[in-house]
Amino acid sequence: MTHLPDTPCLLNGELLALNQAKVSVLDRGFIFGDGVYEVIPVYGRRLFRFDEHMARLARSLDKLRIANPHGRDDWLRQVRSLVAALPAPDQLVYIQVTRGVAMRDHVMPEGITPTVFMMSNAMKPPPAEQRHGGVACVTARDFRWERGDIKSVSLLGNVLARQMSADRGATETIMFRNGWLTEASGSNVWVVHEGAVLGPPRSEHVLEGIRYELLRELCEEEGVAYNLRPIAEDDVRSADELIISSASKEVLPVTRLDDHPVGHGALRGKPGPVYARLYEAYQRAKQSQTI
């Protein structure tokens, strides 16, 4: 049996040790994966883009017809209390809300109370060698369900996709649906073409990462063109630069794709200049967009 740490967590508002937290076997998150989650970065004990994360959580809950169990200020109070209970100044706060406990039935039951679970762990940013040398990724057909826009706890498709890259010593699996870029197993994907940052448009197949709007802001700040449009697989493979983004990765350069170097000329297989500018702008945002 895997040893679980005794770090603090919150379960339905109660602060207790992680290895003591228990939910019912009839919780619909356990039976059906009927729930959603969020991950909020914390820098120096301050929450990064908290309101944007809360807005996405609310959208996911609304799409599953789960009542939001807390208002904004109550969420903020609880998250801050959890952050304060851990020693690390930089953390990743995980929030999960399921529909709650009921006898097993596919129909959504009415009148049950959502289960709310929160834990936080010390943030482990990508090592310096990945920032400076980039990472390798592999590609796959996007075989997940059709509602990628919901940040669902039903992540088996993402788990299978991520394992494909792990088995090959790569950092991520970049996926295509019918020849068009969607996202990676746990990251959004950005293509740099002729100095412009391109991303897939918002759709039911793509989770709108918090970094969607953040990268738009950073590109505007840096004078870099930014556009969301359908991106063909060939455009990804011939990109000047590839970048992945997520709460834990921030922005990270992809320098090898399916064992082939990314980019052209002297920068082939190396992090590019647009990535470097966005990374520096991201570090500045971390100082100004926390509460």
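Conventions used here
Residues numbered from 1 in each chain as written. Predicted model: local features only at pLDDT ≥ 70, side-chain atom pairs only at ≥ 80, totals over all residues. Heavy atoms only, no water. Helix = DSSP H or I, 4+ residues; strand = E, 2+ residues; numbered from the N terminus. Expected span 1.5 Å × (residues − 1). Buried < 20%, exposed > 50% of the residue type's maximum accessible area, 1.4 Å probe, protein only. Axes fitted to C-alpha atoms, helices over the stretch in contact; angles between N-to-C directions. Left-handed = near helix turned anticlockwise from the far one by under 90°. Contact = heavy atoms within 4.5 Å. Nonpolar A, V, L, I, M, F, W, Y, C, P; charged D, E, K, R; others polar. Core = buried A, V, L, I, M, F, W, Y, C linked by side-chain atoms within 4.5 Å. Phe/Tyr/Trp six-rings, centres within 6.5 Å; stacked < 30°, edge-to-face > 60°. Polar contact = N/O pair within 3.5 Å; in protein donor to acceptor, adjacent residues only side chain to side chain.

J.: Describe helix 8 (residues 273-288), and please don't skip the residues or the numbers.
T.: What sets the pattern is the α-helix's 3.6 residues per turn: residues three or four places apart point alike. If you check helix 8, its first and last C-alpha atoms are 23 Å apart, about what 16 residues at 1.5 Å a residue would give, namely 22 Å. Along helix 8, the residues classified as buried are Val-274, Tyr-275, Leu-278, Ala-281, Tyr-282, Gln-283, Ala-285 and Lys-286.

J.: Give a detailed account of the packing of helix 2 (residues 50-63) against helix 3 (residues 72-84), specifying residues and quantitative values.
T.: Close contact between helix 2 and helix 3 brings their axes to 11 Å; oriented N to C, the two are set at 115 degrees. Crossing of helix 2 against helix 3: the hand is right-handed. On helix 3, the residues touching Phe-50, Asp-51, Met-54 and Leu-57 of helix 2 are Arg-72, Trp-75, Leu-76 and Val-79. Taken together, the residues of the contact of helix 2 with helix 3 sort by class into six nonpolar, no polar and two charged.

J.: Tell me about the nonpolar core, residues and numbers included.
T.: The biggest cluster of nonpolar side chains holds 32 residues, and the ones touching the most others in it are Val-197, Leu-218, Ile-243, Leu-278 and Tyr-282. Contributing elements (two or more residues each) for this core: strand 1 (8-11), strand 3 (35-43), strand 5 (91-98), strand 10 (188-193), helix 6 (210-222) and helix 8. Considering each element in turn, this core owes the most residues, six residues, to helix 8. Ranked by size, the runner-up nonpolar core spans 23 residues in total, among them Leu-76, Val-79, Val-116 and Ile-150.

J.: So, the packing of aromatic side chains: which residues are in play, and what are the values?
T.: Taken as a whole and assessed by the stated rule, the structure comprises six aromatic pairs. Here the aromatic rings of Phe-48 and Tyr-282 are separated by 5.8 Å at their centres, their planes lie at 40 degrees, and the arrangement is tilted. Here Tyr-282 lies in helix 8 and Phe-48 lies in the loop between strand 4 (46-47) and helix 2, a separation of 234 residues in the sequence. Judged by centre distance (5.9 Å) and plane angle (40 degrees), the rings of Trp-190 and Tyr-226 are tilted. In this pair, Trp-190 sits in strand 10 while Tyr-226 sits in strand 12 (residues 226-228), placing the two residues 36 residues apart along the sequence. For Tyr-226, a relative accessible area of 21% gives the class partly exposed. A network of ring pairs unites the aromatic residues Tyr-43, Phe-48 and Tyr-282 as a single cluster.

J.: Describe the side chain of Lys-286, naming the residues involved and giving the relevant values.
T.: Note on placement: Lys-286 falls in helix 8. Of the polar contacts made by the side chain of Lys-286, one reaches the side chain of Glu-250; its length is 3.0 Å.

Everything listed here is a matter of geometry and, on its own, says nothing about what the molecule does.
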